[in-house]
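Understanding the architecture of this molecule
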Amino acid sequence: MTDPHIWVDNSTDLAINGTIAGWSNSRNNTVVNLLEFDEESRIEIIIYSILFVLSASGNVAVCVSLLRGRHRRSRIEEMILHLNIADLIVTFIMVPMEIFWRITMEWIAGDAACRIMMFFRAFGLYLSSMVLVCISIDRFTAIVYPLRVNVAQKRVKYMLRYAWICSFLSSVPQVSISKKI
């Protein structure tokens, strides 16, 4: 956005870009600044910062414990490791991006960084969701077919590869859609 203002025609209670305004009935136009640092922004920064600290400390601890463990992890530990990686992507890319956006109220890193960050923002969320689906499918098959352990190990590897590939492919459109204006 080059202009963070929306011109509101109070007589019709409709903003020029389609946002409903609904303020006074006067016939004059009002400028509403949508991108200003206010009390709501401060609260969002504090909440995101708390979530960042909690998520970073918890996910790093889980990652260290999984990586220090046995060399051969169980299927569920392998999937939890991949889920943890997805959560770390969200924690260290998406949350700081939201905090800095709330502080600056504009994107100052350039077009290439915008596209890369939007890709990883979508990628982390897609990967997290798809790994959760893999865990669900694995738990379902473990209950329905408890004696097929060898098949299950191969299936988990394929499902995790598929989750990463699908997450990547689903996030690629963000590179062409997102741009700094």
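Shown above is the structure to which this text applies.
Below: a short report on this structure.

Calculation notes
- Residues numbered from 1 in each chain as written.
- Predicted model: local features only at pLDDT ≥ 70, side-chain atom pairs only at ≥ 80, totals over all residues.
- Heavy atoms only, no water.
- Salt bridge = Lys/Arg side-chain N within 4 Å of Asp/Glu carboxyl O.
- Helix = DSSP H or I, 4+ residues; strand = E, 2+ residues; numbered from the N terminus.
- Buried < 20%, exposed > 50% of the residue type's maximum accessible area, 1.4 Å probe, protein only.
- Phe/Tyr/Trp six-rings, centres within 6.5 Å; stacked < 30°, edge-to-face > 60°.
- Lys NZ or Arg CZ within 6 Å of the ring centre and 35° of its normal.

As for the pattern of salt bridges
Inspection of the entire model under this criterion finds seven salt bridges. Note that R102 is salt-bridged to E98, the shortest N-O span being 2.9 Å. Here R102 and its partner E98 are both found in helix α2 (residues 75–104), four residues apart, which amounts to about one turn of the helix. Note on R102: relative accessible area 15%, which makes it buried. Ionic pairing is found between D138 and R139, a salt bridge with its closest N-O pair at 2.7 Å. Linked through salt bridges whose partners overlap, the residues forming this network are E44, E98, R102 and R121.

Things to note about the packing of aromatic side chains
Within this structure, the stated rule accounts for six aromatic pairs. Their ring planes at 90° and their centres at 5.5 Å tell us that F52 and F92 sit as a pair that is edge-to-face. One end of the pair, F52, is in helix α1 (residues 39–68); the other, F92, is in helix α2, with 40 residues separating them in the sequence. Taking relative accessible area as the criterion, F92 reaches 42% and is therefore assigned partly exposed. A centroid spacing of 6.4 Å and a plane angle of 90° characterise the contact between F120 and F123, whose relative ring orientation is edge-to-face. Here F120 and its partner F123 are both found in helix α3 (residues 111–144), three residues apart, which amounts to about one turn of the helix. In this structure F123 comes out as buried when scored by relative accessible area, which is 5%. Cluster of aromatic residues (ring-pair linked, three or more members): F119, F120, F123, W164 and F168. Above the plane of the ring of Y145 lies R148, whose end atom (NZ or CZ) is 4.5 Å from the centre.

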